[in-house]
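# Summary of the model geometry
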Amino acid sequence: MTGIAVVGAAETTELGKIPGMSQLMLHADAALNTLADAGMTAKDIDGLATAGERPTDVAYYLGITPSWVDGTSVGGCSFMLHVRHAVAALQAGMCKTVLITHGESGRSRVGAGGYSQDASSLAGQFESPYGTFGPPSTFTLPVLRYMKDYGMSHEQLAMVAVVQREWAGMNPRASFRDAITVDDVLNSKLIAYPFHLLECCLVTDGGGALILTTDERATNVNNAKHAPVYIWGTGESVETPMISQMENLTSSRAFSIAGPRAMKDAGISHSEVDHLMIYDAFAHLPIYGLEDLGFCGRGEAADFIWERNTAPGGRLPTNTNGGGLSYMHSGMYGMYAMQESIRQLRGVAPAQVQNAEVSVCLGVGGMFGASGCIVFGSTPKP
Amino acid sequence: MGKPARPLPKPTPETQHFWDGCKQDELRLQRCDDCEHVYFPPRPFCPSCSSRAVSIFIASGEATLASYVINNRPHPAWDEPYAIAIVELAEGPRMASNIVGCEQTPECLVLDMPLVVQFEVMSDDISLPLFRPAGDQT
């Protein structure tokens, strides 16, 4: 099977508050930085995938004439699904060079559509009437069940945010860099019990993009600024548009399918993973992710984090950019998680993990609705 | 009229029987005639075995508190922090709801506490199934 490589990866020039750019321009800014990273122009791209904006808009705006398009939009992990689909398309010869773009005016809302929910949709009929009011009061709903079933404490949930802030402290592009304590987290504003402000993600503007091609072609990308990073494995799934209808309130079915599939695809065991990214819109996500990926047994992830295994100096460095809790979160964070995996394998991350050769990147989307997982390697897939 | 009403559901042909039931103080669930799977939310086929042979029945209205959050962010339809709950019905399915007749505090909202349905009229067309602690007649 043909191997697939990432030959371009970059974020928008700025992250955070970008009131001077529309959402479509954030896609373009990220795409232009990524084309420059790969030493390419729009004329080199014949495949396009995006979410948040229509592929039509992004292709037209950038001057791309695609012969392969993917507009899969399942929330913040859409870009992981795009990578998985692009791998298949490239291996099948449907196109030669795929650009995947993300841009989101999550904070400034410039040229961004409003949020609305149809009262006749499933969630509109069976969740919204009870006051679910955006992700902070919905994505968080299963956690008390987890806490009772497994004895996780409020302090342990808070520790997720503390550890990620340690990573963010090493990253000049992170939105929040000042060290925090468990008490700081528990004393921050109550958003939706049991969640405090510092256990909830940021809301920022930004974007990112990737360029994928076959590894055969990757060796001929002459003007790229970095060596290729290789796709070793991929997985995806969806579960339910309603948190109340998750099969199990203490585990994500989509995680449990996408994650193990990607690792099996890659042919790796847990001990071979040098670096891990788990999309952390809220503090419980790394806990669910560590268990659903199989790095921890059921009910063990909070202790694993408390004992600093995922922290700087720990044996499984996780969310090393500071994550959605401290680095940035535009709304669809999955692209930034993959950017950090790629920086780590390129050896250019601000908080660089020594000798990082294999990175697992787990995304979530539409709250617990969907998941995509990518295993990246610094060398061609063995 | 004071504060705006909470967002109300707009029934579809597949869910109309459920909302009609709520207006008559009946919590209607569906059971597959072929595999006996009981499910929610409503749809005219079994999500477990794909059979279209399904029947509507009236549930007991008994449930337990599976999980919740207490939302502290301002919602146009609520004046005070309020709990959004996931309840587990005695018949098996879970559903989102609110807990009434009970202080909206972690001390009063204890996981696995027994609950019973209580329908509240929200409009001419919609009554919502809410839940109160079992044994509380208020």
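A brief structural summary. (Residues numbered from 1 in each chain as written. Chains lettered and ligands numbered in written order. Predicted model: local features only at pLDDT ≥ 70, side-chain atom pairs only at ≥ 80, totals over all residues.)

Residues and elements named next belong to chain A. Given a rise of 1.5 Å per residue, 16 residues ought to cover 22 Å, and the 23 Å separating the end C-alpha atoms of helix H1 (residues 23-38) matches this to within 8%. The buried fraction of H1 is high, at 12 of 16 residues. Considered for burial, the residues of H1 that qualify are Gln23, Leu24, Leu26, His27, Ala28, Asp29, Ala30, Ala31, Thr34, Leu35, Asp37 and Ala38. With its phi angle positive at about 70°, Gly39 sits one or two positions after the end of H1. (Helix = DSSP H or I, 4+ residues; strand = E, 2+ residues; numbered from the N terminus. Expected span 1.5 Å × (residues − 1). Buried ≥ 20, exposed ≤ 12 C-beta atoms within 10 Å, placed from the backbone.)

Here the focus is the interface of chain B and chain A. On the chain A side, the residues contacting the 31 residues of chain B number 28 residues. Of all the secondary structure elements, the ones that give two or more residues to the side of chain B that touches chain A are strand S4 (62-71), strand S5 (82-89) and strand S6 (94-97) of chain B. When residues of the side of chain B that touches chain A are assigned to their parent elements, the largest contribution, six residues, is made by S4 of chain B. Strand direction decides the pairing type here: strand S5 (residues 190-193) of chain A and S4 of chain B, joined by two bridges, are antiparallel. Bridge pairing links Ala192 of chain A to Asn71 of chain B in S4 of chain B. (Contact = placed C-beta atoms within 7 Å. Pairing = 2+ DSSP bridges.)

The next point concerns the sheet that holds strand S3 (residues 54-58) of chain B. All names here are of chain B. Across the sheet, which stays open at both edges, the three strands sit in the order S2-S1-S3 with antiparallel pairing between neighbours. At either margin of the open sheet sits one strand with a lone partner, and together these are strand S2 (38-39) and S3. As defined by bridge partners, strand S1 (residues 28-32) adjoins S3 across five bridges and the pair is classed as antiparallel. Within S3, the position partnered with Cys32 by the bridge is Val54.

Let's shift gears to the nonpolar core. Ranked by size, the top nonpolar core spans 154 residues in total, and within it Val83, Leu212, Cys361, Ile374 and Phe376 of chain A together with Val87 of chain B carry the most contacts. Considering every element that reaches this core, the biggest residue donor is helix H6 (residues 154-168) of chain A, with nine residues. The residues contacting Cys361 of chain A, other than those within four sequence positions of it, are Met80, Met277, Ala337, Met338, Ser341, Cys373, Ile374 and Phe376 of chain A. (Core = buried A, V, L, I, M, F, W, Y, C linked by C-beta atoms within 7 Å.)

Attention now moves to the pairing of strand S4 (residues 97-105) of chain A. All names here are of chain A. With nine of nine residues buried, S4 lies mostly within the body of the structure. Burial of S4 is two-sided: the residues Thr97, Leu99, Thr101, Gly103 and Ser105 facing one way and the residues Val98, Ile100, His102 and Glu104 facing the other way are all buried. In the sheet, strand S2 (residues 47-50) pairs with S4 via four bridges, with the strands oriented parallel. Residue Ala49 lies in a different strand from S4, and its bridge partner there is Ile100. The pairing of S4 with strand S7 (residues 205-214) spans nine bridges and is antiparallel. Across the sheet, the residue bridging to Ile100 is Leu210, located in S7.

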